[in-house]
Structure formats: C-alpha cells, structure tokens
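Chain and residue survey
Residues per chain, in single letters:
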Amino acid sequence: MVLLSERTSRVILLLRLLGITALLNGSGVEARIRRYKWEVKYEYRSPDCLKKLAITINGQTPGPTIRAQQNDTIIVELTNSLLTENVAIHWHGIRQPGTYLYHAHYGMQRAAGLYGSIIVALPDGQSEPFTYDYDRNIILNDWYHKSTYEQAAGLSSIPFQWVEEPQSLLIHGRGRFNCSSLTTPTLDPGVCNARNPDCSPFRLIVVPGKTYRLRIASLTSLSALGFQIEVEPFVVQNLFIYSGETYLVIVKADQDPTRNYWITSNIDSRPALKTPPGLGIFSYYPNHPRRSPPTIPPAAPVWNDTRPRIAQSQAIKARQGYIHTPPSLSDRVIVFLNTQNTINGNVRWSVNNVSFTLPHRPYLIALNQNLTHAFDQNPPPDGYDFVNYDIFKAQENKNATSSNGIYRLNFNSTVDIILQNANAMKENNSETHPWHLHGHDFWVLGYGEGKFDKFNDPKKYNLVNPIMKNTVPVHPYGWTALRFKADNPGAIPLPYRIPFLYGYGRGICRRD
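These remarks concern the structure in this document. Keep in mind the model is a prediction, meaning the values are calculated, not measured. (Residues numbered from 1 in each chain as written. Predicted model: local features only at pLDDT ≥ 70, side-chain atom pairs only at ≥ 80, totals over all residues. Heavy atoms only, no water.)

Considerations on empty space enclosed by the protein
Counted according to the given criterion, the structure contains three cavities of 30 Å³ or more. One number sums up the size of the second largest cavity: a volume of about 50 Å³. Contributing to the lining of the second largest cavity are Tyr242, Glu245, Tyr247, Gln312, Ser313, Ile316, Tyr447, Ile467, Lys469 and Pro473. In terms of residue class, the lining of the second largest cavity is built from six nonpolar, two polar and two charged. (1 Å grid on protein atoms, 1.4 Å probe; cavity = no way out; pocket = protein on both sides within 12 Å on 5 of 7 lines; lining within 4 Å. Points joined across faces, edges and corners; volume = space filled by probe spheres on them. Nonpolar A, V, L, I, M, F, W, Y, C, P; charged D, E, K, R; others polar.)

Okay, structure coming up:
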C-alpha cells in the first residue's frame, strides 16, 4: 500500500512479483524491471453520459493495466495531484500468476474511479492449462452521481441516510444513464449528453473462429453482479461476481458472425429496480462495432434467488494439477457474525456486535514501538452467543460497542475464519457480503445456509481440492468457511469489500 500525504507529492513504489519464490527455487529465468509513471488527479468525466468529477490515473478510469511476468519487479512512480487529499493504493493478490486488482484505499476514492488491473503472466517457456488466441480484460463497476463526500456525510448523519442504489453500471468504464430521468432537469447539454463518446457502449471486437480469454473483475462499491454474454451454447450462462473478485472465462467466437451480441451486467441480491443494466457489445469483425444486436438484452437473474449463487460458489474447486492441499486441522477458529446496530444514534456495521474503528496512530507504528496506549489492547471476541442468537430475526443488540482492538495470531499458525450472515436491523433483510483478506490467499472450505454448526459443519469441509482466493462472498442467512496460514507478519486488515461500510464499522485488523 502507498500513502501520499502532501499535495502534488510523489512516491516510488517497488513491487516484486514472487521474487522470494524465485530465489528459493533457484530459478534461472531472467526477471525484468517494468516501470510505470502515474499522475492521480480529479477530472470531469461522463462515463454514463452525466458529467461529474472522477479520479483518474493519467487521464484514465479505469486506470492503466499493469502487465508483468512472474518474478518481475514493478516500479510505479506516482504523483498525487489531488488538491486536498492523500492517496493510498492497495494491490490485490500477486502471490502467483493470474488476474489481480489495484484500487484506492483512502476514504471512498475507489468509488470515484481510482482502480485498475494487474495481470501477472507465467515466465517464458511455461504454458497454461488452456489455449486461446487473444487475451482481453474487463472491469465491472457501479457508478453514483453524488460525490463520495456527500455519501460519507449521509452515512455518518443522524438520521442515517443510505447511499441507495447506483445510478448506472459500468462495463470497463462505460455505461448509459437516461438523461431524461434527471431529478433536477437542466438546459445545459454538457451536463448529461447521450452522444458523449465517453459513454458509448463498451465493445469487445472478436474475429470469427478465434478463442478469447476474458479476465473479468468486479470493483463495485455496493453491488453484487450477474455478468452475461449473449452466446449459445455457453457453459456458464450467467457469472455471479462480487466486489474484489476476478474470473477467467474462455469464449470461442463461433456464433453467427453477421450480427453482434449483447454483453450485460445486472445487479444481483438487491432490488435495484431503478438501476439500468450495464450494456456492452460483443462485435464480430468486420461488423460495425456500433451496430446494435438485433435482439433485446438477455434477462437478468431473479435478484433474490440465492440458489444459483450458492450453487456457483459451491461448484468452484481447484483445477486438477493446481491443487494446494490445506492443512487438515486448524490451530484456531474465529467466527465473525455480521451484525448491524446503533451506537450513539449512528447506524454502524459490526462483527460480533463490535464496531471496528481505526486508531489515530497506525497499527504498525504502535506495534513496532510498543505504544500500548495507541489502541485497545483487549482483542475483539472470537465468536458470539451461538445458542441464543437468532440470525433470522432483527436484533436490538443493546450491548453494541466499538473498538480498535486487534486479533493477535501466532506466526505460521493455521486459522479458520467462519463468516456468518444474519438479519440486519430491518426485518427479513440479509444481504450478500464480500470479504477480502489482505496479504494472504486462503482456502475456501465450504459454504452453507443458516447458522453455522461448529460441531457438524466442519465435517463437510472440502479438504481435497478447495479453491484458493483472497476475496469471498457470504450469502444471505448463510456462512462461508476459510482457512489460511498466518505466514505474512504485520498488521493485516480483513475488511468488508464495500467501501461505504468499511469506514462505518466493518473491518478487522490482525497481527501475526
């Protein structure tokens, strides 16, 4: 993570991709140094046709894609040209070849457009377990018209003002808002202009008969998404994707090449009836890329049908030949109950009824200098009242509190984390929640519906071929079980992936 503390300040970041692994293995592959120079600043953009301030990198949102090979060293020289704000960048994953993300981790800058992709390829001479002709990158996002400052003010106000649903869905930085639906009409054609090239649909141009590797990622601020390409047959008709996740999809351009096809994204798990779908065009060369498909876009999945979402989560396993078997037992089990409550009149999100707050002094400084007064030395609870807590009912949570205490883990210990979803303060309301672990990958041992049974559900864990990830969803009224090796020392956050909530109580910090 990079922190820039002054206006127009500059920092140089060195990012080594698996360099330690290469040294230990005695790899003879020559690593490269790849250099990037970025300027971060506010600019007016119209990604969904409505003009508003966005944060760009070198004038782009999404920002430039970082491309490298395993063992390379990345040098990013970043100039902060924001007038009144710091910048922090978080780099996902990069512990092995694959598709990863970078994004702002300061305030809610990510929701303003500060994000992009990292693609780490295998070294020369090594091959992947599938073949394709071309490689394409797609980032999905949701887009709000209010500034992040307006949203933050509403979330911290009394009475509470929710951000509501996004005005648009973007497919690689492009969406389409209906300008006639503006709540405050304007005669200025520059405010909302459907002919603005910034909001022309995303187009994926393909050559008939060729095979494409699509790297699909989500960096939404709130929305779980369903992603579709209008082609038949399609092994996966709809891909459910949650904020912080990345997927690899292989598509062969073997449909009728005389027409174009729809690419869509739709909000899932929330009743976002006013948010139009994200639309793109799967265009066969040499068709005109702006030619609309002759059909209507494919229908979205039913937003509150959790069965296909859970089925997709449970179906994802490690590929044969790429299985990293997890330890058979863990040294510690921590259960996180996702709750919502009110503290001093403010709506807060909590884990085990404790709302997380950040201390004024950074954890690493406090820990390295043994400043025991800098944050609460009492750790948060490892669980909740498993017997009496009803996850299907809205709870008063009268004993709600806040804390900046941390979990302390033994170095190289194996830790299980159970993420448990419950009813929020509103009756009959439990939502999909994505979680992301910094600095580690974890094994996804299982998903379940209802309350986690600590005696019987561990017997159902997948210890044979579990997938390794760094971001995972927890489904409504359900649980997700993770296992990881605490082998990366430091103060490591385990935040909820939604930036609107991370600053309002949901996030965990631990030290190995």
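Picking up after the structure, the text goes on.
Examining the sheet that holds strand E13 (residues 211-218)
Whenever strands of a sheet pair, they do so through backbone hydrogen bonds, lying parallel or antiparallel. Taken in spatial order, the four strands of this open sheet run E11-E10-E13-E16, and their pairing is mixed. Across the chains shown, the open sheet's two edge strands, defined by having one partner strand only, are strand E11 (168-171) and strand E16 (246-252). The mean inter-strand angle of the sheet, taken between neighbouring strand axes irrespective of direction, is 20°. (Pairing = 2+ DSSP bridges. Helix = DSSP H or I, 4+ residues; strand = E, 2+ residues; numbered from the N terminus. Axes fitted to C-alpha atoms, helices over the stretch in contact; angles between N-to-C directions.)

Some words on the pattern of salt bridges
One pass over the full model with this rule turns up 14 salt bridges. Glu165 is the partner of Arg270 in a salt bridge, and the nearest nitrogen-oxygen pair spans 2.8 Å. You can see Arg270 sitting in the loop between strand E17 (261-268) and strand E18 (278-284) and its partner Glu165 sitting in the loop between helix H2 (148-155) and E11, a full 105 residues away along the chain. Overall, the relative accessible area of 9% leaves Arg270 in the buried class. (Salt bridge = Lys/Arg side-chain N within 4 Å of Asp/Glu carboxyl O. Buried < 20%, exposed > 50% of the residue type's maximum accessible area, 1.4 Å probe, protein only.)

Quick notes on the state of the cysteines
Enumeration over the complete set of coordinates arrives at two disulfides. The disulfide partner of Cys179 is Cys192, and the gap between their sulfur atoms is 2.1 Å. Its S-S torsion of approximately -80° makes the covalent link between Cys179 and Cys192 left-handed. Note that Cys179 is positioned in the loop between E11 and strand E12 (202-206) and Cys192 in the loop between E11 and E12, a separation of 13 residues in sequence. This pair shows no difference in class: Cys179 is buried, exactly as Cys192 is. (Disulfide = S-S within 2.5 Å.)

What to know about the environment of Met468
Counting through the fold element by element, Met468 comes out in strand E27 (residues 468-469). In this structure the C-alpha to C-alpha distance between Met468 and Arg483, which are 15 residues apart in sequence, comes to 9.4 Å. Apart from residues lying up to four places away in sequence, Met468 is in contact with His324, Asp441, Phe442 and Trp443. (Contact = heavy atoms within 4.5 Å.)

A short note on helix H3 (residues 307-315)
Think of an α-helix as turning once every 3.6 residues; residues three or four places apart then point the same way. Considered for burial, the residues of H3 that qualify are Arg309, Ile310, Gln312 and Ser313. Down the axis of H3, the smallest arc covering the buried residues is 160°, so these residues share one side. Opposite the packed face of H3, turned more than 90 degrees from it, sit the exposed residues Arg307 and Ala315. Against strand E15 (239-241), E16, E17, strand E26 (442-449) and strand E28 (471-474) lie the buried residues of H3. (Arc of directions from axis to C-beta.)

With respect to the environment of Phe240
Structurally, Phe240 can be placed in strand E15. You can call Phe240 buried: its relative accessible area is 5%. C-alpha of Phe240 to C-alpha of Pro301: the two residues are 61 residues apart in sequence and 9.6 Å apart in space.

Overview of the pairing of E11
Within a regular strand, side chains alternate between the sheet's two faces. Every second residue of E11 is oriented toward a common face, with Ser168 and Leu170 on one face and Leu169 and Ile171 on the other, all of them buried. Across four bridges, the pairing between strand E10 (residues 134-143) and E11 is antiparallel. When the sheet's bridge partners are listed, Asp142 is paired in E11 with Leu169.

Some remarks on a nonpolar patch on the surface
Nonpolar side chains collect at one region of the surface, where Tyr134, Ile205, Val207 and Tyr285 lie side by side and expose about 360 Å² of accessible area between them. The residue Tyr285 is located in the loop between E18 and H3 in this model. On the accessibility criterion, Tyr285 (53% relative accessible area) is exposed. (Patch = residues over 30% accessible without salt bridge, like charges linked within 9 Å, V, L, I, M, F, W, Y side chains within 5 Å. Areas by Shrake-Rupley, 256 points an atom, 1.4 Å probe, with all protein chains shown as cover.)

Things to note about the packing of aromatic side chains
Aromatic ring pairs are defined here through the distance separating the ring centres and the angle between the ring planes. Under the criterion given, the structure shown has 17 aromatic pairs. A connected cluster of aromatic rings, assembled from ring pairs, spans Trp38, Trp91 and Tyr102. One residue, Lys51, lies across the ring of Tyr44, its end atom 4.9 Å from the ring centre. A cation sits over an aromatic face here: Arg259 above Tyr261, 3.9 Å from the ring centre. (Phe/Tyr/Trp six-rings, centres within 6.5 Å; stacked < 30°, edge-to-face > 60°. Lys NZ or Arg CZ within 6 Å of the ring centre and 35° of its normal.)

As for the sheet that holds E17
Spatially, E12-E18-E17-E14-E15 is the arrangement adopted by the five strands of the open sheet, whose pairing is mixed. On the outer flanks of this sheet lie E12 and E15, each paired with one strand and no other. On average, each strand axis in the sheet is tilted by 20° relative to the strand beside it, whichever way the strands run. For strand E14 (residues 224-229) and E15, the ladder comprises three bridges, and the chain directions are antiparallel. Counted as the bridge partner of Leu225 is Ile241 from E15.

Focus: the environment of Ile406
Inspection of the secondary structure assignment puts Ile406 in the loop between strand E22 (401-403) and strand E23 (407-408). Put simply, Ile406 and Pro380 are 26 residues apart on the chain and 6.4 Å apart in space, counted from C-alpha to C-alpha.

Description of the pairing of strand E4 (residues 52-57)
Counting buried residues in E4 gives five out of six residues, a clear majority hidden from the surface. Pairing analysis gives six bridges linking strand E3 (residues 33-45) to E4, with the strands arranged antiparallel. The partner of Glu43 across the bridge, within E4, is Ala54. Here E3 folds back onto E4 in antiparallel fashion, the turn holding six residues, of which Cys49 has a positive phi close to 90°.

Overview of H2
Within H2, the full set of buried residues consists of Thr148, Gln151, Gly154 and Leu155. The buried side chains of H2 occupy one side of the element, clustering within an arc of 125° when seen end-on.

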